[in-house]
Amino acid sequence: MNENPNPDTCHSGVELQIVRVIVASLEQATVNVRCLRGPVHRGARFNRFNGSAQALDLTLTQALVYGHRVPALDTGLTAFVTLRGQGVHHLTSDTPASDCPVIQGTNLLP
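(A) Seen up close, the overall build of the protein. When you go through the protein residue by residue, the secondary structure sums to 0 helices and 9 strands. For the protein, the succession of helices and strands along the chain, N to C, is β-β-β-β-β-β-β-β-β. By the burial criterion, 33% of the 110 residues in the protein qualify as buried. Pairs at least 24 residues apart make up 65% of the contacts formed inside the protein by residues separated by at least 6 positions. Carbon and sulfur atoms form 51% of the exposed surface of the protein, whose accessible area is close to 6700 Å².

(B) Focus on the environment of Gly51. With respect to the helices and strands, the residue Gly51 is situated in the loop between strand 4 (45-49) and strand 5 (55-65). Using a relative accessible area of 83% as the deciding quantity, one classes Gly51 as exposed. Separated by 50 residues in the primary sequence, Gly51 and Pro101 have C-alpha atoms spaced 9.5 Å apart.

(C) How the structure looks around the nonpolar core. Phe46 and Leu73 are the most contacted members of the largest nonpolar core, which has 24 residues in total. Beyond its immediate chain neighbours, meaning those up to four positions away, Leu73 contacts Leu16, Val33, Cys35, Gly38, Pro39, Val40, Ala63, Val65, Ala79 and Val81.

(D) Fine view of the pattern of salt bridges. Scanning all chains against the criterion turns up 2 salt bridges. Close ionic contact of Arg37 with Glu15 constitutes a salt bridge, the shortest N to O distance being 3.8 Å. Of the two residues, Arg37 sits in strand 2 (residues 28-37) while Glu15 sits in strand 1 (residues 11-24), which places them 22 residues apart along the sequence. Accessibility expressed as a relative area gives 15% for Glu15, which makes it buried. Between Arg45 and Asp57 there is a salt bridge; the shortest N-O distance is 2.4 Å. Separated by 12 residues along the polypeptide, Arg45 in strand 4 and Asp57 in strand 5 bring together distant segments of the chain. Accessibility expressed as a relative area gives 40% for Arg45, which makes it partly exposed. Note on Asp57: relative accessible area 35%, which makes it partly exposed.

(E) Just the side chain of Gln104, in detail. For Gln104, the position within the fold is in strand 9 (residues 102-108). Leaving out residues up to four positions away in the same chain, Gln104 has contacts with Val14, Glu15, Phe46, Asn47, Arg48, Phe49 and Asn50.

The rules behind these values
Residues numbered from 1 in each chain as written. Predicted model: local features only at pLDDT ≥ 70, side-chain atom pairs only at ≥ 80, totals over all residues. Heavy atoms only, no water. Helix = DSSP H or I, 4+ residues; strand = E, 2+ residues; numbered from the N terminus. Buried < 20%, exposed > 50% of the residue type's maximum accessible area, 1.4 Å probe, protein only. Contact = heavy atoms within 4.5 Å. Areas by Shrake-Rupley, 256 points an atom, 1.4 Å probe, with all protein chains shown as cover. Core = buried A, V, L, I, M, F, W, Y, C linked by side-chain atoms within 4.5 Å. Salt bridge = Lys/Arg side-chain N within 4 Å of Asp/Glu carboxyl O.

Here it is, written out as structure tokens:
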């Protein structure tokens, strides 16, 4: 029996705190976020809000730090990201700063 996990099935948990929704359409949003648990790689999938049963199916398609595209966000970084998929309309920044929503998901490890 092979003890090594299949690299195609390895995932790491990631979290982004939604600071502000900049632009949103039906299937895509540009959002100002803070990375709470990373690194968050381009292609990461987000499927839930922290502490909520609300289902999401969002993919991070782009991350900008100080105006430069980056392949991943490290913990503690603030960035503008583009999220695409089902549940964009649930993203909101209309909550107090101490209660900013957090989305959770996974990204495939290289």
